Amino acid sequence: MSLDIFSQYLINCLMLGMIYAMVAVGFTLFFGVLDIIQFSHGDVLMVGGFTALVTYAGAQALGVANPWLQLALMVLIATALTAGLGVLVARYLVLPLKNAPPLNTLLITLMMGMVLREGVRLAYPNGSNPQPFPRLLPGGVWSVGGFEARIDSTILLLVGLALITGLHLLITRSKLGLAIRAVAQDGETARIMGINFNWIVLLTFGIGSGMAALGGVMNGLYYTEINFGVGLLLGVIGFAAAILGGLGNLYGAILGGFLFAALQTVGAVVLPMLSQHIPSSYKDVFAFAVVIALIAWRPTGLIAEKSTERA
Amino acid sequence: MAQLSVQGIDTAYDRIDVLHGVSLDVEPGRITCILGSNGSGKTTLIRSILGLTPPHAGDIVFEGASLVGQPTHRIVGRGIACIPEGRRIFPKMTVAENLAVGAYQLSDEAEVARRAAQVYELFPRLKERRDQLAGTMSGGEQAMVSVGRGLMAKPKMLIIDEPSLGLSPLYVKENFRIIRRINDMGITVLLVEQNVRQTLAIAHYGYVLSQGRMVAHGAAADLAADAEVRAAYFG
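Residues numbered from 1 in each chain as written. Chains lettered and ligands numbered in written order. Predicted model: local features only at pLDDT ≥ 70, side-chain atom pairs only at ≥ 80, totals over all residues. Heavy atoms only, no water.

S.K.: I'd love a proper account of the overall build of chain B, names of residues and values included.
M.R.: Secondary structure assignment for chain B yields 10 helices and 10 strands. Compactness check: chain B gives a C-alpha radius of gyration of 17 Å against a globular reference of 18 Å for 235 residues, within 12% of the reference. Expressed along its principal axes, the backbone C-alpha trace of chain B runs to roughly 45 × 40 × 35 Å. Put simply, chain B has 235 residues, and 53% of those count as buried. A separation threshold of at least 6 residues defines the contact pool for chain B, and within that pool the share at least 24 residues apart is 67%. Positive and negative charge centroids in chain B, built from 25 and 24 side chains respectively, lie 4 Å apart. (Helix = DSSP H or I, 4+ residues; strand = E, 2+ residues; numbered from the N terminus. Rg over C-alpha atoms; globule rule 2.2 N^0.38 Å. Buried < 20%, exposed > 50% of the residue type's maximum accessible area, 1.4 Å probe, protein only. Contact = heavy atoms within 4.5 Å. Lys, Arg positive; Asp, Glu negative; His and termini not counted. Charge placed at Lys NZ, Arg CZ, Asp CG, Glu CD.)

Written out as structure tokens, the structure reads:
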């Protein structure tokens, strides 16, 4: 394999891993604070992507022509509105069911995902078909030796890295992060320490959903299109990544995201080399099969919590 | 006037009453203890005061204002801290982070640092281990973290729930010495214990809870001498 082909695979793999990680951290944060799975999380991401698209159309209509300004508006509005959607889901769907069986939360969020998905498909003009996402980042290619990469992909990767680093600092260094970790480790004791439990849960859902919106915008910019069903696959992959890393573990979720992307890339590249009867489209079959095997092998995730730590 | 006054509360879990018309007064600056065997309702009483399981009848008044219906973080904000049963430290946080959570409602960083210094003075061992994950410490050390965390908020009143549970006799003795020191700092103490003799030795006033009802109360010295109380308690 030549270096330029290799660099394409590598950048693509890192890009996918970044997007998956940004979805997976939401799953893991929500599970941390409330021990629940928010199954509409992928569709919340999709709503983020479409909000950015609508913002773009709005900016065009208002005569905002500078692509950086358009992008800034899209990111700000999509993140804010999607974070708000996450807060609403937490406030009106998840928190009221706090004392109900977890299965109810799972079901209600699953149905919420369906509402969001079908809602966008029907309400957005021609929403059943993929919508073009504007190309706003500078095109072109940079190269060092034989290694080359697109400038827009590189920018997206660096921004994704900055966002994940920012989230890490928020959780480990800030007072809000301290409260989120306290609620995740022992919600009742956190309340006894004077932490407003519900408020922290709502903020956590806001942060996780905002990250998903950013992932949705990155996904749109990278593929230059978005469709109403994008959240379904991204949601399942993000969930798988979070489980793979050990639910509740932030770094596990990030690792899981990149691992899944690596598996897909291996599936797309290596399998066709082994046999010409296996086309690269089998990459998801391969990746999910390996994840199933990994979870069977390590049921508590790759970064296992010691049982004593959860007691 | 009592700093904390519990006035005839009924508290239920799943609609079954656990507390029946329980009343209690805690005088400021004193150590007041609640004695009672397992299942007598001691922990439910604490949960009622903290707003975790609010009573459905009766009132709880702290410094003249009712606590009933307030969320826990507001009740804590009034100046009530708690060292919960079983210590309940945050295992995946360092000692220093555990203390920081205890001071969560304080926004003045200098004040938080000052209080941490006081806690480290009380427990030099915690200072040595400030960056260790609390979950990896021994039971005795975790008890220190839990007590230190409770002091970080500089509460007016500290509720201490079963501090000697699961500790070796040496630590139990140390624990009672610490509780006395806390009280000497001017903090009102509401102590819940099963260890009757040592508790009555340091408390000023005591209540005896049995099957969800207050069956006796009096000065600690009188309770210690009261054969009936012993019978009710050990019975």
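S.K.: Just give me the short version of the sheet that holds strand β2 (residues 16–26) of chain B, but keep the residues and values in it.
M.R.: In any sheet, the strands associate via hydrogen bonds between backbone groups, in a parallel or an antiparallel arrangement. Residue and element names in this part refer to chain B. As summarised here, the arrangement of the four strands in space is β2-β1-β4-β5, forming an open sheet in which the pairing is antiparallel. Bordering the open sheet on either side are β2 and β5 (65–66), each of which pairs with just one other strand. As paired strands, strand β4 (residues 57–62) and β5 are joined by two bridges and run antiparallel to one another. From the neighbouring strand, Phe 62 faces β5, where its bridge partner is Ala 65. Along the sheet face, helix α1 (residues 42–50) touches β1 (4–13), β2 and β4 and points at about 110° away from the line of β1. (Pairing = 2+ DSSP bridges. Axes fitted to C-alpha atoms, helices over the stretch in contact; angles between N-to-C directions.)

S.K.: An account of the pattern of salt bridges is needed here, citing residue identities and associated values.
M.R.: In total, this model carries 15 salt bridges over all chains according to the counting rule given. Salt-bridge contacts for A:Arg181 lead to B:Glu97; the nearest nitrogen and oxygen are separated by 3.1 Å. In this pair, A:Arg181 is assigned in helix α6 (residues 175–185) and B:Glu97 in helix α3 (residues 95–102), connecting two distinct chains. Assessed through its relative accessible area of 15%, A:Arg181 is described here as buried. With a shortest N-O distance of 2.3 Å, B:Glu111 and B:Arg114 are connected by a salt bridge. Of this pair, B:Glu111 and B:Arg114 both sit in helix α4 (residues 109–122), three residues apart, roughly one helical turn. (Salt bridge = Lys/Arg side-chain N within 4 Å of Asp/Glu carboxyl O.)

Honestly, that's just the spatial picture; any functional story needs more than this.
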